[in-house]
Every structure is written in structure tokens, then in C-alpha cells.
Amino acid sequence: MLMRLATAAFLIASPAVAAGFSTVAVAKQSWCAAGDVNPVEAVEALNDLRRAQGLSPVRVNMALTRAAQHHSDDLAGWGKLSHSGSDGSNFVDRAERARFDGVPRAENVAWNLPTSHAVVVAWERSPGHRDNMMLEDVTDVGIGYACSPTKGRFWTMVLGRAEAQFTLAALN
């Protein structure tokens, strides 16, 4: 499921049921401008894609945002693109630590994409990432971004289903 896009841009998609992925060591980068980083733009692009497929939009969830940001920070510090954290955690562990009150469903990570728009477009063009973004039962999203001047840009998107949605559906 690891794809190489353009020059030295990497993506990994991880649905909740996927088995382990290998870690990818990344090349060093000397740039880290955050001027084109706009998580709101990324969520808007995600919701445009979802609406075009007849799916409900997702809302930003602060717990998932904390989980995504923590993972992006960890990846930038560690210098590797992986779904495993430097402590061995997975996206479910990180969402629980961030106190997400729901069901974590999927995580997309990417490296070396310059803008919020570019990362969503890259995820859209990758079947596994697109599948994650188009999960029908997803209600919430968090997006994290971190950059190390020596290791490059790291992006994380965590998707989940709010517990309130799950509980109401279970009662019907």
C-alpha cells in the first residue's frame, strides 16, 4: 500500500483492520515553511470529496486533531513515515490517549507534500487513502502537520465515528 507520488513524496494508508506496514526512512529536507499549511482547507477539500460521493461531511474533532498532531510531531522528530509511533503505538492507541469519545476508523499519513491541498489531492489519488476518506460511517476528522528542517513535512489524518452517533444508531 505504500505509494511513491511525484518526487520523494510518500503516503501510507491504514484502515483499522489493516495488518502492519513497514516503516519508511525519509530523506533529509532543508525547508519547512508553514505558509501553505491550512488544516481547515484540508477538511474542506475532504468534505467536497465526500459530498461528491453522496456522503455526509465530517467535522473537526479536537481529540482526533490532538492524536493526529501528536503523531505528526512524533514522525517529524523520529524522521520516519510510519503508522507506528516511536513508542509502538497505533492510531487507535493515540486516539484513545487523546480521549476521543468514539471509534477510531482509519489513519492516512504522508510525507513531503507542500500544502494542505496537495496532501488531500495525493490521498484522493491513492486507492487506500481514498477508501479511508470515503468510509460511510465516519463523522469526525483530525489533521496534524509537523515539519523538521532536516527531515521534511509530515501529515496525519485520523478519521473516526463519534460515540454519540454510534449509540443512537444502536438504539434504533
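What counts as what
Residues numbered from 1 in each chain as written. Predicted model: local features only at pLDDT ≥ 70, side-chain atom pairs only at ≥ 80, totals over all residues. Heavy atoms only, no water. Salt bridge = Lys/Arg side-chain N within 4 Å of Asp/Glu carboxyl O. Helix = DSSP H or I, 4+ residues; strand = E, 2+ residues; numbered from the N terminus. Buried < 20%, exposed > 50% of the residue type's maximum accessible area, 1.4 Å probe, protein only. Axes fitted to C-alpha atoms, helices over the stretch in contact; angles between N-to-C directions. Parallel < 35°, antiparallel > 145°, perpendicular 65-115°, else oblique. Left-handed = near helix turned anticlockwise from the far one by under 90°. Contact = heavy atoms within 4.5 Å. Nonpolar A, V, L, I, M, F, W, Y, C, P; charged D, E, K, R; others polar. Pairing = 2+ DSSP bridges. Core = buried A, V, L, I, M, F, W, Y, C linked by side-chain atoms within 4.5 Å. Expected span 1.5 Å × (residues − 1). Polar contact = N/O pair within 3.5 Å; in protein donor to acceptor, adjacent residues only side chain to side chain.

Turning our eyes to something else, we now look at the pattern of salt bridges. Counted by the stated rule, this structure contains 7 salt bridges. Note that arginine 97 and aspartate 87 form a salt bridge whose closest N and O atoms lie 2.8 Å from each other. Separated by 10 residues along the polypeptide, arginine 97 in helix α3 (residues 91–97) and aspartate 87 in the loop between β5 (80–81) and α3 bring together distant segments of the chain. Looking at aspartate 87, the relative accessible area reads 48%, which means it is partly exposed.

With that settled, the discussion passes to the packing of helix α1 (residues 39–52) against helix α4 (residues 116–125). In contact at an axis separation of 8 Å, α1 and α4 are set at 30 degrees when each is read in the N-to-C sense. Between α1 and α4, the angle is such that the two are roughly parallel. Our pair here, α1 against α4, has a crossing hand that is right-handed. Contacts between α1 and α4 pair Pro39, Glu41, Ala42, Ala45, Leu46 and Leu49 from the former with Ser116, His117, Val120 and Glu124 from the latter. Residues belonging to the contact of α1 with α4 are distributed by class as follows: 6 nonpolar, 2 polar and 2 charged.

In summary, the side chains of a regular strand alternate between the two faces of the sheet. Counting buried positions along strand β7 (residues 140–148) gives 8 out of 9 residues, so the element sits mostly inside the fold. Judged from the 2 bridges that link them, strand β4 (residues 59–60) and β7 form a sheet pairing that is parallel. Looking at the pairing, valine 60 lines up with valine 141 of β7.

Moving on, we come to the nonpolar core. By size, the foremost hydrophobic cluster in this structure holds 25 residues, and its most contacted members are Val141, Trp155 and Met157. When residues of this core are traced back to their parent elements, those giving at least two are α1, β6 (102–111), α4, β7 and β8 (152–162). A total of 5 residues in this core trace back to one element, the largest contributor, which is α1. Aside from chain neighbours lying at most four places away, what touches methionine 157 is Leu46, Ala106, Glu107, Asn108, Trp123, Met133, Val141, Gly142 and Ile143. Among the nonpolar cores identified, the runner-up in size contains 9 residues, and Ala67, Ala95, Ala98 and Phe100 belong to it.

Another point: the pairing of β6. Summarising burial for β6: 7 of the 10 residues are buried, a large majority. Both β6 and β8 contribute to a ladder of 9 bridges, which runs antiparallel. Looking across to β8, one finds that proline 104 is bridged to glycine 160.

Now for α1. Between the first and last C-alpha of α1 there are 20 Å, a value that for 14 residues agrees with the 20 Å anticipated at 1.5 Å per step. Along α1, the residues classified as buried are Ala42, Val43, Ala45, Leu46, Asn47, Leu49 and Arg50. Its side-chain oxygen 3.1 Å from the backbone nitrogen of valine 40, asparagine 38 forms the N-cap of α1. The positive-phi residue at the C-terminal boundary of α1 is glycine 54, with phi of around 75 degrees.

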